[in-house]
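# Structural description and commentary
Letter by letter, the chains look like this.
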Amino acid sequence: MLDELPRIRGYHAHVYFDATTLPQARALCEAAAQRFDLSMGRMHEKPVGPHPDWSCQLAFRPALFGELVPWLALQRGGLVVLIHPITDNELLDHRDRALWLGAVRPLKLEALIGG
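About the thresholds
Every residue gets a number counted from 1 within its own chain, in the order that chain's sequence is written. Residue-level local features of this predicted model are given only where pLDDT is at least 70; pairs of side-chain atoms are given and counted only at 80 or more, and the full residue set underlies all totals for whole chains, interfaces and linings. Excluded from the side-chain calculation are hydrogens and water; included are all heavy atoms of the structure. Each helix is a run of DSSP H or I of at least 4 residues and each strand a run of E of at least 2, with the numbering of both proceeding from the N terminus. Put simply, the radius of gyration uses C-alpha atoms, and a globule should come to 2.2 Å times the residue count raised to 0.38. When a residue's accessible area, from a 1.4 Å probe over protein chains only, is under 20% of the maximum for its type it is buried; when over 50% it is exposed; and in between it is partly exposed. Only heavy atoms enter the contact rule, under which two residues are in contact if any of them lie within 4.5 Å. Shrake-Rupley sampling with a 1.4 Å probe provides the accessible areas, and residues are treated as covered by the protein chains on show and by no other component. Neither His nor the chain termini are counted; the positive set is Lys and Arg, and the negative set is Asp and Glu. Each charge is placed at NZ for Lys, CZ for Arg, CG for Asp and CD for Glu. To obtain each axis, a line is fitted to C-alpha atoms, and for helices this fit is confined to the stretch in contact; angles are then taken between N-to-C directions over 0 to 180 degrees. Note on terminology: angles under 35 degrees are roughly parallel, angles over 145 are roughly antiparallel, angles of 65 to 115 are roughly perpendicular, and the others are oblique. For a crossing to be left-handed, the near helix must be turned anticlockwise from the far one by less than a right angle; the clockwise case is right-handed. Between rings of Phe, Tyr and Trp, where Trp is taken as its six-membered ring, a pair exists when centres lie within 6.5 Å; planes separated by under 30 degrees are stacked, by over 60 edge-to-face, and by other angles tilted. Any Lys or Arg side-chain nitrogen located within 4 Å of an Asp or Glu carboxyl oxygen qualifies as a salt bridge.

- The chain has the name DOPA 4,5-dioxygenase in an unreviewed UniProt entry, where Pseudomonas cuatrocienegasensis is given as its organism.

## Points about the overall build of the chain
- Across its full length, the chain carries 3 helices and 5 strands.
- Starting at the N terminus and walking to the C terminus, you meet the elements of the chain as β-α-β-β-α-β-α-β.
- Here the chain has a C-alpha radius of gyration of 14 Å; the compact-globule value for 115 residues is 13 Å, and the two agree.
- By the burial criterion, 39% of the 115 residues in the chain qualify as buried.
- Long-range pairs, those at least 24 residues apart, make up 62% of the contacts in the chain between residues at least 6 apart in sequence.
- When the accessible surface of the chain is totalled, it reaches about 6700 Å², and 53% of it is carbon and sulfur.
- Across the chain, 12 positive and 13 negative side-chain charges occur, with their mean positions spaced 4 Å apart.

## Section: the packing of helix α1 (residues 22-35) against helix α2 (residues 65-75)
- Where α1 contacts α2, the two axes come as close as 12 Å, and the packing angle between them is 150 degrees. Put simply, α1 runs roughly antiparallel to α2. Our pair here, α1 against α2, has a crossing hand that is right-handed. Every residue of α2 that contacts α1 at L28, A31, A32 and R35 is listed here: L68, W71, L72 and Q75.

## Overview of the packing of aromatic side chains
- Enumeration over the complete set of coordinates arrives at 5 aromatic pairs.
- Between the aromatic rings of Y11 and F60, the centroid separation amounts to 5.6 Å while the plane-to-plane angle is 15 degrees, which identifies the pairing as stacked. Taken together, the residues Y11 in strand β1 (residues 10-17) and F60 in strand β3 (residues 54-60) connect sequence positions 49 residues apart.
- Taking the relative accessible area as the measure of exposure, Y11 reaches 14% and is therefore buried.
- Since its relative accessible area comes to 5%, F60 is described here as buried.

## Some remarks on the pattern of salt bridges
- Counted under the stated rule, the structure contains 4 salt bridges.
- Two residues, R97 and D93, come together in a salt bridge whose shortest N-O distance is 2.8 Å.
- On the basis of relative accessible area, D93 is assigned to the buried category, the value being 2%.
- In this structure, R95 and D96 form a salt bridge, with 2.8 Å as the shortest nitrogen-oxygen distance.
- Note on R95: relative accessible area 44%, which makes it partly exposed.

Here it is, written out as structure tokens:
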């Protein structure tokens, strides 16, 4: 029997990019924000928190998952996207509950456990 699942309050999709793919990532994130009811964060041109690369966060409701994630999969154009739920445990959300579109990147998990 499976353990009781935590409540998923939302999701984050982190679009990773670098100096050469910044315009592509910005266009993807802005298109997502125009097409879907989500919140687009800043274009971080440095690694932030557990993320090993430059990134932009898209925050969205669970009801949008089935529409947004396939759209990102088809539109990402080779960019790596980390998708994780938002529950009561950031470490598990990023480490054990994450979905990746593209290559899996090594997260800096110590940022989530105060290390």
